[in-house]
Amino acid sequence: MIKKTVGLFIIAAFVGLSVLALTPTPSYALPNFAKKHEASCTLCHTVWPALNRFGEQYFMNGFQMPDTEDGGDVGKIKPDGHVSLDTGSANPPLSVRMVIETTLSTTAANDVELIQPNKAETPFFAAGTLGKNLSYFIDNIQGPQEQMWVGIHNVGGAGTANIRYGVINMADFDARPNHRHDLGNGYSHTAASDASTDAVGLQVYGRPGGGALTYQVSLDNRGIGTGAAGNVDRQGSNTINHGLLLRGDFGPTAVSFHYAGYSDKASFASGAVETKTTSNLISARHVASDFEASLGYGIMSLDVGGAKTDTTGMTLEGIYFTEGYDVQLQFGTLSTKVGSAAATDSSQISLKADYHATTNSKMFVKYVGDSSSTAKDGFISIGTDWAF
């Protein structure tokens, strides 16, 4: 009954948005940041939620215009000279993204392999500036937070050093970041999990002089690991994961290398043994006026008391976009080898077509197919996506 109701709702939404899109009056319903700057979403995004280079620099600079230290005022609509934009009632720092999706058909041989996407999600998030060079970000306010942090920016001069503390995604600034992908983060991030998992941590990064080089040094509490029996809990263990990211931006092309790892004897847990991991993540991305392509390759080596597991993952993604629609294609492979046993391989291909009914809403059709050594799964779904 619930699935039928969701399906009928999506069909009604398709019809409603189509009528809205075909009317001659343009939509001016823009999300939070775009309203503040009187700008289109395309100022910061290729296909939202993916950021273009300008959007990445805006994010890196603590939600301030790139290469400025304005506290969030430059270029923004001010309802009153004495009102702060990020707290003013005209532009509250709260946004919501609503995604409703239902499966049309499935060819799943084993439903455990691939989760079917019948869902209705409305994650709220808040972000902005508290003042000059002071920012904050909270996502999924109503549930478990993936990220929740505060930031201090432009320490020592414009772009020299920025500091974030809290629950942070350490792969935000990779050439192919860990978030903001409609088709998922991909197997490259699955493999190099030490470099891309959200964790409580401290991060220092910068783009000195507004140049081509971005650096990032990070420490975080990974909080979970594996013992000899494969079930040793590290929650609250003070296991420190350290990371280093170097990124170069050369016109429309960005490349990055990200290293992360830790070593811990785990004496806090009975029966635990020394665990060492290293992750290496190489990413590249090229953004043109109507097309972007990205590549991620991740490697992780896990050593638990001499028992070794090696994991490699690759993600290749291409997006063609116009003002009215976009087409996204992603392919990934994952290989895991435990000791001397044969490797377990899997692959996934995803295809998604979006129709942009308004500036901040789209309707989509999606196909995902998954193949492993044990099963082959696939589904076709339709859905709607709004950002306010």
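Residues numbered from 1 in each chain as written. Predicted model: local features only at pLDDT ≥ 70, side-chain atom pairs only at ≥ 80, totals over all residues. Heavy atoms only, no water.

### Observations regarding unusual backbone geometry
And then number 1: Cis geometry is adopted by the peptide bond preceding P49, which originates at W48 and carries an omega value of 15°.
And then number 2: Residue position: P49 is located in the loop between helix 2 (32-36) and helix 3 (53-60).
And then number 3: One non-glycine residue, N154, adopts positive backbone phi at about 60°. (Helix = DSSP H or I, 4+ residues; strand = E, 2+ residues; numbered from the N terminus.)

### As for the side chain of K362
And then number 1: Inspection of the secondary structure assignment puts K362 in strand 16 (residues 361-372).
And then number 2: Residue classification places K362 among the buried residues on the basis of a relative accessible area of 0%.
And then number 3: A polar contact of 3.1 Å, which involves the side chain of K362, links it to the side chain of D182. (Buried < 20%, exposed > 50% of the residue type's maximum accessible area, 1.4 Å probe, protein only. Polar contact = N/O pair within 3.5 Å; in protein donor to acceptor, adjacent residues only side chain to side chain.)

### Details of the packing of aromatic side chains
And then number 1: Enumeration according to the criterion identifies 10 aromatic pairs in this entry.
And then number 2: Summarising the aromatic geometry, the rings of F125 and F137 are spaced 6.3 Å apart at their centres and angled 25° between planes, so their arrangement reads as stacked. Of the two residues, F125 is situated in strand 3 (residues 124-131) and F137 in strand 4 (residues 134-139); the sequence distance between them amounts to 12 residues.
And then number 3: Take F137: its relative accessible area is 11%, and that puts it in the buried class. (Phe/Tyr/Trp six-rings, centres within 6.5 Å; stacked < 30°, edge-to-face > 60°.)

### A closer look at the environment of I282
And then number 1: Inspection of the secondary structure puts I282 in strand 11 (residues 275-287).
And then number 2: Take I282: its relative accessible area is 46%, and that puts it in the partly exposed class.
And then number 3: Measuring from C-alpha to C-alpha, the distance between I282 and L245 comes to 9.8 Å, with 37 residues separating the pair along the chain.
And then number 4: In contact with I282, other than residues within four places in its own chain, are S256, F257, L295, G296 and Y297. (Contact = heavy atoms within 4.5 Å.)

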